[in-house]
Amino acid sequence: MKAMPTLEGGLRIDTEDASDWELLRSIIADTNGCDNDLATRLGGLISEDAGAEDWEEYIVPDLREAFQDELAQIAAAIESAIFHAEGGPGPIWITPDDAFQWYSSLNQARLSLEEHFQFGLTEELDPKNFTPTRRAAFFRSKFYCTIQSLLLEYVMG
């Protein structure tokens, strides 16, 4: 897989085979990998003194809906690109208008992976010692971070 900025101010990701498409689909699967969604987990960080009950009632539902809408847009973009590439090599385009949804979805996936696997500081980790499942999750998290960095540098910056 290759990613590069476009002349239009977006990002183009070129997949090389079906496994690249599966990696992109993993964004959605990883986001939904925790028992509680991100909106609920964020709501759980609010103390009673800071208005946890109000947060849960008024903020969490809207936040959950926004997160789900972003994920649905990204899932649709990925599936559309797969369809147009007939499952083989092909591009997926991230326009400036889509950049925030992509960034947010990648962030949701990374936070979910961190919640589940608790990688912590990556400088201190040696993926050679991980189980295959944990290693795959670690590398997906690093991939998501790389795409987020490209979005910040070339699209959102």
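What counts and how
- Residues numbered from 1 in each chain as written.
- Predicted model: local features only at pLDDT ≥ 70, side-chain atom pairs only at ≥ 80, totals over all residues.
- Heavy atoms only, no water.
- Helix = DSSP H or I, 4+ residues; strand = E, 2+ residues; numbered from the N terminus.
- Polar contact = N/O pair within 3.5 Å; in protein donor to acceptor, adjacent residues only side chain to side chain.
- Contact = heavy atoms within 4.5 Å.
- Pairing = 2+ DSSP bridges.
- Buried < 20%, exposed > 50% of the residue type's maximum accessible area, 1.4 Å probe, protein only.
- Axes fitted to C-alpha atoms, helices over the stretch in contact; angles between N-to-C directions.
- Parallel < 35°, antiparallel > 145°, perpendicular 65-115°, else oblique.
- Left-handed = near helix turned anticlockwise from the far one by under 90°.
- Nonpolar A, V, L, I, M, F, W, Y, C, P; charged D, E, K, R; others polar.
- Phe/Tyr/Trp six-rings, centres within 6.5 Å; stacked < 30°, edge-to-face > 60°.
- Lys NZ or Arg CZ within 6 Å of the ring centre and 35° of its normal.

Section: the side chain of D30
Part 1 of the reasoning: With respect to the helices and strands, D30 occurs in helix α1 (residues 18-31).
Part 2 of the reasoning: Side-chain polar atoms of D30 contact the side chain of Y144, separated by 2.6 Å.
Part 3 of the reasoning: Residues contacting D30, with those up to four places away along its chain left out, are A109, S112, L113, R140 and Y144.

A short note on the pairing of strand β1 (residues 2-5)
Part 1 of the reasoning: Here four bridges tie β1 to strand β2 (residues 11-15), and the two strands are oriented antiparallel to one another. Within β2, the position partnered with A3 by the bridge is I13.
Part 2 of the reasoning: Counted between consecutive antiparallel strands, the loop separating β1 from β2 contains five residues, among which G9 sits at a positive phi close to 90 degrees.

Comments concerning unusual backbone geometry
Part 1 of the reasoning: In this structure, E86 takes a positive phi of about 55 degrees despite not being glycine.
Part 2 of the reasoning: The residue E86 is located in the loop between α3 (52-84) and β3 (90-94) in this model.
Part 3 of the reasoning: Despite not being glycine, Q118 has its phi angle at roughly 50 degrees, a positive value.
Part 4 of the reasoning: One can find Q118 in the loop between α4 (99-117) and α5 (132-155).
Part 5 of the reasoning: By relative accessible area, Q118 is classed as exposed at 59%.

Brief notes about the packing of α1 against α3
Part 1 of the reasoning: Where α1 meets α3, the closest approach of the two axes is 10 Å, and the angle between their N-to-C directions is 160 degrees. As judged from the angle between their axes, α1 and α3 are roughly antiparallel. The handedness of the crossing between α1 and α3 is left-handed. Facing α1, whose interface residues are W21, L24, R25, I27, I28 and T31, α3 presents L71, I74, A75, I78, E79, A81 and I82.
Part 2 of the reasoning: Partitioned by chemical class, the residues of the contact of α1 with α3 number ten nonpolar, one polar and two charged.

Topic: the packing of α1 against α4
Part 1 of the reasoning: Running from N to C, α1 and α4 point in directions that differ by 55 degrees, and their axes come no closer than 8 Å. Taken together, α1 and α4 sit at an angle that is classed as oblique. Relative to α4, the crossing made by α1 is left-handed. Taken together, the residues of α4 that come into contact with α1 (itself represented by I27, D30 and T31) are W102, S105, L106, Q108, A109, S112 and L113.
Part 2 of the reasoning: Classifying every residue of the contact of α1 with α4 gives five nonpolar, four polar and one charged.

What to know about the packing of aromatic side chains
Part 1 of the reasoning: In total, this model carries six aromatic pairs according to the counting rule given.
Part 2 of the reasoning: For the pair F130 and F138, a centre-to-centre distance of 5.6 Å together with 85 degrees between the ring planes defines the contact as edge-to-face.
Part 3 of the reasoning: A relative accessible area of 6% places F138 in the buried class.
Part 4 of the reasoning: Through pairs of rings, three or more aromatic residues link up here, namely F117, F119, F130, F138 and F139.
Part 5 of the reasoning: Sitting over the ring of F130, R134 keeps its end group 4.6 Å from the ring centre.

The values are spatial; any link to function lies outside them.
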